[in-house]
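Listed below, chain by chain, are the residues.
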Amino acid sequence: MEKEQDSYNSNVLVDALIQYKPKLIKIADGILHSHAQSEDIFHDAVVKACSMRPDWIHCPVGYACRMVYNLAVDAARKKTHERLSMRPIDGIESIPAPCVSALDCLVSTETLREVLNSLKNLPQRTHDAFVRHRIDGVPQKDIAEELGVSRTLVNFMIKDAHRACQHILNAA
């Protein structure tokens, strides 16, 4: 316990964070407008500071302020991005259906069936690479590693599958 206490005492950044806690929380609160989130940001900064070597920090108070500020800005950006990417449930019934009439739905369903069949006619590896990249969102470099092939080959497989789908869509 005493050894652990000494390691914290020797970290000037942690000392600065603890000493200026109210000011640092106020900095985060000015960005996040949430005291609970500001406390979380402060604790994140302390945890991060514990894993750092503070011997190169010349102004620990300024560094602590910038650290908390940056963490709060990152959290605010993440919160904004999440808010913008979510759609509200209210008014969901006002979103138009992709097909207006029964005939349009039937044509769309048939076209989709033909596209899926064209994918089945491709080599299995090409089919899998296309589905994993375009449907599942797996990066091409990950697919290349999984298949044990070059990234270029994966790119060509995806392009081939895309061309096959495009050919069916143009014919429909």
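A brief structural summary. What you are looking at is a predicted structure, and each value in this text was computed from that prediction instead of being measured.

1. Concerning helix 5 (residues 60-85)
Next, step 1: Counted at 1.5 Å a residue, the expected span for helix 5 with its 26 residues is 38 Å, and the 37 Å between its end C-alpha atoms agrees.
Next, step 2: Those residues of helix 5 lying buried are Ala-64, Cys-65, Met-67, Val-68, Leu-71, Ala-72, Val-73, Ala-75 and Ala-76.
Next, step 3: The secondary structure elements touched by the buried residues of helix 5 are helix 2 (12-19), helix 3 (21-32) and helix 4 (35-50).

2. Some points on helix 7 (residues 124-135)
Next, step 1: Over its 12 residues, helix 7 runs 16 Å from end to end, which matches the ideal 16 Å to within 8%, given 1.5 Å per residue.
Next, step 2: The complete set of buried residues in helix 7 reads Thr-126, His-127, Ala-129 and Phe-130. In a view along the axis of helix 7, the buried residues occupy a sector of 165 degrees, so they form one face of it. Every exposed residue of helix 7 that faces more than 90 degrees away from the buried side is listed here: Gln-124 and Ile-135.
Next, step 3: Looking at the buried residues of helix 7, the elements they touch are helix 6 (102-120), helix 8 (140-147) and helix 9 (151-171).
Next, step 4: Two residues or fewer after helix 7 comes Gly-137, characterised by a positive phi angle close to 75 degrees.

3. A look at the pattern of salt bridges
Next, step 1: Per the counting criterion, the structure on display carries 4 salt bridges.
Next, step 2: Here Glu-39 and Lys-21 are joined by a salt bridge, their closest N and O atoms 4.0 Å apart. Here Glu-39 is found in helix 4, whereas its partner Lys-21 is found in helix 3, with 18 residues between them in sequence.
Next, step 3: The partly exposed category is assigned to Lys-21, whose relative accessible area is 29%.
Next, step 4: A salt bridge links Asp-160 to Arg-163; the shortest N-O distance between them is 2.8 Å. Residue Asp-160 and its partner Arg-163 are located together in helix 9, separated by 3 residues, close to a single helical turn.
Next, step 5: Taking the relative accessible area as the measure of exposure, Asp-160 reaches 38% and is therefore partly exposed.

Rules used in this analysis
- Residues numbered from 1 in each chain as written.
- Predicted model: local features only at pLDDT ≥ 70, side-chain atom pairs only at ≥ 80, totals over all residues.
- Heavy atoms only, no water.
- Helix = DSSP H or I, 4+ residues; strand = E, 2+ residues; numbered from the N terminus.
- Expected span 1.5 Å × (residues − 1).
- Buried < 20%, exposed > 50% of the residue type's maximum accessible area, 1.4 Å probe, protein only.
- Contact = heavy atoms within 4.5 Å.
- Arc of directions from axis to C-beta.
- Salt bridge = Lys/Arg side-chain N within 4 Å of Asp/Glu carboxyl O.

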